[in-house]
Amino acid sequence: MPIKPCRRSRSSNSPHSGRVFHLALAGLLFVFALASGASVWAQASLSDEQISQKVEALLSRMTLEEKIGQLTQIAGGLLPGANPEEVVRKGGAGSILWLNDTKRFNEIQHVAVEESRLHIPVLFGLDVIHGYRTIFPVPLAMAASWDPKVEEKAQTIAAREARAAGIHWTFGPMVDIARDARWGRIVEGAGEDPYLGSAMAAAQVRGFQGPSLGTAPDRVVACAKHFAGYGAAEGGRDYDSVYIPESRMRNVYLPPFQAAVKAGVGTFMSAYMDLNNVPAAGNRWLLRQILRDEWGFQGFVVSDAMAVGNLVIQGFAADPRDAAYRALTAGLDMDMASGTYPKNLPDLVRDGKITMAQIDDAVRPILAVKFKMGLFENPYTDESRVEQVLSNPEHRAYAREAAQRSMVLLRNEGGLLPLSKSISSVAVIGPLSDSKADTEGSWLVFGHQPAAVTVLEGIRNKLGQSVRIEHANGPDIKRDIPSFFDAFATGPKKPEQTPEQAQTAYDEAVAAARKADVVVMVLGELANMSGEAASRAHLGLPGRQEELLEEVVGLGKPVALVLINGRPLSISWAAEHVPAILEAWEPGSEGGNAVADVLFGDVNPGGKLPATFPRSGAQEPLYYAHNLTHQPAGSQMYQSRYWDGPTEPLYPFGYGLSYTTFEFSNLQTERAEIRVGDRVGISVDVKNIGKVAGDEVVQIYIHQKAGSDSRPVRQLKGFHRIHLAPGEQQAVTLTLGPDELGYWSTSQGKWIQEAATFDIWAGGDSTADLHASLKVVP
Ligand code: NOJ
């Protein structure tokens, strides 16, 4: 549907002064934009002052019901019985989610803009997590690039595609720190570390929104979620309660959220679970004290889906009315899909329990976001332009680059990789070797048709006709419980294999391996084994994959294992017996091509682990930045250990190999001693001492030796990914200052920076042993 100018009558009904002129001007600009070939998305850029005036003018004309409408987000089409037009015509929904249909967006928007009393446009929200049509690696993989610029550019493209399709608001980035790989939602975030997580959070906000909200026409509003502590669910079980002391909240779980605020994020989403016995959706400490009072957040907070209603189920609110009261007064502005606000807020205001001023405070930032996004000027989406934006070949090219940069080489005994392109035959084996959906990964937008290049296809593309390729999937991986996302899957459902069919598939896979010179095994997890409601207790290769791997390796052929998965896996056997292991994560649309680029040496992998790989799920939570224990490992009788297994991880945080080797030397602090509050440069020389060019991620870790509180054994406080030619050396300098050296102290109940001695390490992972000291004096 082409963009239509507003048809509504220009009566004295005008919601705010100057609107007639404004619409006329917008129309003129629109015509000019079309004539000049410029983007029709071009919008007037308004100052904060102008936006605030517009908000106040509009607010002053709104009825209580219309205001509560703006605080209400409804499910567009996904839930039975919902008729968005009917609700929107009455001004009953400020936002719609779970709809992904450009034509429907325009139809609904026409009703909102032309038929509702105040003509307020609807904000369309959807989870665009790692791409809209062009799918990038999952966020955990993007964090493995240790390159925020890659993440920023990927989300810029995701925003461009989503906005072209009519989406204004994405429910991302997910910035929850996750230190327990059993928790399925680890795939949606940047892993275990607050420093890396903060860098990735800010990069995603910049990518989605642009330099500041509303200044770039082909961007979307971002949403930092899930506020806060969701990743610390007890036992790694999704939605389970969380108990986090304030020091850990502030030092570990909150920094990525604050980084999102500093990057200008427009919205926040509250988490589902109880935080220290208070559900996040009704948690005044989080939503008011931290977010607004301390950080000065000016945007609005939406609940997670159904979470306001669920305050009753959680045993917190007595009934839905109490739930609405407690969520709104805690600082939660918009109710996602539970319908609790529209049903209960009107009476709460009429009964004097909630004041109109409280309602207005919640409405203001929602209207402000709509003004900033230019929705009053450009409410509609140009349907004729969608396909052109979505099929831009540059987007896929960048998806390939992002996937290349996110891959982590875990093992390469005897330099098996890169493989030669002049082998005569290769077997590509495994249930994930040719699965488009699992290659694209967890959480695609509704209705998306997986169109990834699989690893099999990528290897075919790379080797052409000259190399014989044997392929067999082996037995399917079976999920024992249905996935949350099965309901949204497109295409015919694959019937489950019978045990006989699975055995035949197994035998075919072994036979395929026998026939080839080299074997590439593509194993891991189905995409829907991570993500929401997808925790796992055991972190090994599910199904018969381990058995198949052991049998194929037993054939004595060179085997490279490519992992496709959404969380750290326990692959202890493989780590000892499979010569080459490449962690490809869920690599997205161009994943298979990127894997082939790395396997055959056109790209040298340089990614690093953003989360610790455990030896078993029983070790979780497992993370590098733990405190020292009373009896550390290595002491005689008493030590922190299991009777029946090691405590050490399989692969540490920050780890990753390359086809070349790097040498770190000459770690120096600019000054041996600094004062509290000073900044100091830390420099280290890095040299590529191998034969090929490659990337290294220079990582700086610190440890405060003593102080008011015990401090973690190591904490990442700086990183930089560099590229070095063979023989090239570079001095990398990073700085440490109060932000890096300070912390929130339990003993003192506040942020402090202390006079103390610090260990500093630099290297290519969190076990780096190149050491220097820094003395901080008062
Ligand atoms: C529930 C999920 O927890 C959240 O991450 C998501 O954004 C909403 N549903 C909306 O789909």
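Residues numbered from 1 in each chain as written. Predicted model: local features only at pLDDT ≥ 70, side-chain atom pairs only at ≥ 80, totals over all residues. Heavy atoms only, no water.

S.K.: How would you summarise the overall build of the protein chain if you had to cite specific residues and measurements?
M.R.: Per the secondary structure count, the protein chain includes 24 helices and 26 strands. Computed over C-alpha atoms, the radius of gyration of the protein chain comes to 27 Å, within 12% of the 28 Å expected from 2.2 N^0.38 for 778 residues, which places it in the range of a compact globule. Structurally, the protein chain occupies a C-alpha span of about 80 × 65 × 55 Å along its principal axes. Across the 778 residues that make up the protein chain, the buried fraction comes to 61%. Of all intrachain contacts in the protein chain linking residues separated by at least 6 positions in sequence, the fraction that spans at least 24 positions is 78%. (Helix = DSSP H or I, 4+ residues; strand = E, 2+ residues; numbered from the N terminus. Rg over C-alpha atoms; globule rule 2.2 N^0.38 Å. Buried < 20%, exposed > 50% of the residue type's maximum accessible area, 1.4 Å probe, protein only. Contact = heavy atoms within 4.5 Å.)

S.K.: So what's going on with the packing of aromatic side chains? Which residues, and what values?
M.R.: For any pair of aromatic rings, the description consists of the separation of the ring centres together with the inter-plane angle of the planes. Per the counting criterion, the structure on display carries 21 aromatic pairs. Between Trp-146 and Phe-719 the ring centres are 5.3 Å apart and the planes differ by 80°, which places this aromatic pair in the edge-to-face class. Note that Trp-146 is positioned in the loop between helix H6 (139-144) and helix H7 (148-164) and Phe-719 in strand E21 (residues 715-724), a separation of 573 residues in sequence. Its relative accessible area of 1% is what places Trp-146 among the buried residues. (Phe/Tyr/Trp six-rings, centres within 6.5 Å; stacked < 30°, edge-to-face > 60°.)

S.K.: Would you mind going over the environment of Val-776 in detail, with residue names and values included?
M.R.: With respect to the element layout, Val-776 can be found in strand E26 (residues 770-777). Residue classification places Val-776 among the buried positions, given a relative accessible area of 3%. Residues Val-776 and Ala-618 lie 158 residues apart in sequence; the distance between their C-alpha atoms is 39 Å. Excluding residues that lie within four positions of it along the chain, Val-776 makes contacts with Ile-674, Arg-675, Val-676, Leu-741, Gln-753, Glu-754, Ala-755, Ala-756 and Phe-758.

S.K.: Run through the site of the ligand, naming residues and quoting values.
M.R.: Near the ligand lie 14 residues; those nearest to it are Asp-127, Arg-185, Lys-225, His-226 and Asp-304. Measuring from an oxygen atom of the ligand, one finds a side-chain N or O atom of Asp-127 at 2.5 Å. Here an oxygen atom of the ligand and a side-chain polar atom of Asp-304 are 2.5 Å apart. Calculation on the ligand without its partners gives an accessible area of 290 Å², and the protein chains cover 98% of this total. Looking at the shell around the ligand residue by residue, the classes come out as eight nonpolar, one polar and five charged. (Near = heavy atom within 4 Å. Polar contact = N/O pair within 3.5 Å; in protein donor to acceptor, adjacent residues only side chain to side chain. Areas by Shrake-Rupley, 256 points an atom, 1.4 Å probe, with all protein chains shown as cover. Nonpolar A, V, L, I, M, F, W, Y, C, P; charged D, E, K, R; others polar.)

S.K.: Tell me about helix H10 (residues 255-262), and please be specific about residues and values.
M.R.: Buried residues dominate H10, accounting for six of its eight residues. Listed as buried for H10 are Pro-255, Pro-256, Phe-257, Ala-259, Ala-260 and Val-261. As for H10, its buried residues are in contact with helix H8 (194-209), strand E5 (223-227), helix H9 (246-253), strand E6 (267-270) and helix H11 (284-294). Directly after H10, the chain includes Gly-264, whose backbone phi takes a positive value near 90°.

S.K.: Residue-level account of the sheet that holds strand E20 (residues 694-704), with values.
M.R.: Working definition: the strands of a sheet are paired by backbone hydrogen bonds and lie parallel or antiparallel to each other. The five strands are arranged E18-E26-E25-E20-E21 in an open sheet whose pairing can be described as mixed. In this open sheet, the two strands that pair with only one neighbour each are strand E18 (673-675) and E21. When strand polarity is set aside, the average angle formed by the axes of neighbouring strands in this sheet is 25°. One ladder, built from six bridges, connects E20 with strand E25 (residues 756-763); its direction is antiparallel. In the strand pairing of E25, His-703 is matched with Asp-759. (Pairing = 2+ DSSP bridges. Axes fitted to C-alpha atoms, helices over the stretch in contact; angles between N-to-C directions.)

S.K.: Please provide a residue-by-residue account of the nonpolar core, values included.
M.R.: Among the nonpolar cores identified, the biggest contains 163 residues, and Phe-227 and Phe-268 are the most heavily contacted of them. With eight residues, the single largest contributor to this core is helix H15 (residues 356-372). Counting 36 residues, the second largest nonpolar core, distinct from the first, contains Val-428, Val-467, Ile-477 and Ala-584. (Core = buried A, V, L, I, M, F, W, Y, C linked by side-chain atoms within 4.5 Å.)

S.K.: So, the packing of helix H2 (residues 48-59) against H15: which residues are in play, and what are the values?
M.R.: Where H2 meets H15, the axes come as close as 9 Å, and the angle between the chain directions of the two elements is 125°. Taken together, H2 and H15 sit at an angle that is classed as oblique. Along this stretch, H2 crosses H15, giving a crossing that reads as right-handed. Judged by residue contacts, Asp-48, Ile-51, Lys-54, Val-55, Glu-56, Leu-58 and Leu-59 of H2 engage Asp-360, Val-363, Arg-364, Leu-367, Ala-368, Phe-371 and Lys-372 from H15. Across the contact of H2 with H15, the residue classes tally to eight nonpolar, no polar and six charged. (Parallel < 35°, antiparallel > 145°, perpendicular 65-115°, else oblique. Left-handed = near helix turned anticlockwise from the far one by under 90°.)

S.K.: Please give an account of unusual backbone geometry that cites residues and values.
M.R.: A cis amide bond, omega -5°, links Lys-225 with the succeeding residue His-226. Within the secondary structure, His-226 is located in strand E5. Residue Pro-621 is reached from Glu-620 by a cis peptide bond, and omega for that bond is 0°. Within the secondary structure, Pro-621 sits in the loop between helix H23 (591-599) and strand E17 (662-669). Here His-119, not a glycine, exhibits a phi torsion of approximately 60°, which is positive. Along the polypeptide, His-119 turns up in the loop between helix H5 (102-115) and strand E3 (123-126). A positive phi angle, near 50°, is found at Asn-276, a position not held by glycine. Note that Asn-276 resides in the loop between strand E7 (274-275) and strand E8 (278-279). Residue Asn-276 is classed as partly exposed on the basis of its relative accessible area, which comes to 33%.

S.K.: Account for the pattern of salt bridges, naming residues and giving values.
M.R.: A complete count under the given rule lists 43 salt bridges for this structure. The salt bridge involving Arg-400 is made with Asp-597; its shortest N-O contact spans 2.8 Å. Residue Arg-400 is found in helix H17 (residues 393-406), and its partner Asp-597 is found in helix H23; the two are separated by 197 residues along the sequence. Given a relative accessible area of 27%, Arg-400 falls into the partly exposed group. When the shortest N-O distance is used, the salt bridge between Asp-695 and Arg-721 registers 2.9 Å. Taken together, the residues span a long stretch of sequence, with Asp-695 in strand E20 and Arg-721 in strand E21 at a distance of 26 residues. Each member of the pair, Asp-695 together with Arg-721, is buried. The network of salt bridges with shared partners includes Asp-147, Lys-149, Arg-405, Asp-695 and Arg-721. (Salt bridge = Lys/Arg side-chain N within 4 Å of Asp/Glu carboxyl O.)

S.K.: Summarise H5; cite the residues concerned and give the values.
M.R.: Residues lying three or four places apart along an α-helix face the same way, a consequence of the helix completing one turn every 3.6 residues. A rise of 1.5 Å per residue sets the reference length of H5, with its 14 residues, at 20 Å; its end C-alpha atoms lie 19 Å apart and thus fit the reference within 8%. For H5, the buried fraction is high: ten of the 14 residues fall into the buried class. The backbone nitrogen of Lys-103 lies 3.1 Å from a side-chain oxygen of the residue at the head of H5, namely Asp-101. (Expected span 1.5 Å × (residues − 1).)

S.K.: Give me the lowdown on the layout of surface pockets, citing residues and values where you can.
M.R.: In this structure, the second largest pocket occupies an estimated 1100 Å³ of space. Every residue lining the second largest pocket is counted, 40 residues in all, and those nearest its centre are Tyr-195, Ser-198, Pro-255, Lys-717 and Asp-739. Listing elements by their share of the lining of the second largest pocket, those giving two or more residues are H8, H9, H10, E21, helix H24 (738-741) and strand E24 (750-752). For the lining of the second largest pocket, the class distribution of residues is 19 nonpolar, eleven polar and ten charged. (1 Å grid on protein atoms, 1.4 Å probe; cavity = no way out; pocket = protein on both sides within 12 Å on 5 of 7 lines; lining within 4 Å. Points joined across faces, edges and corners; volume = space filled by probe spheres on them.)

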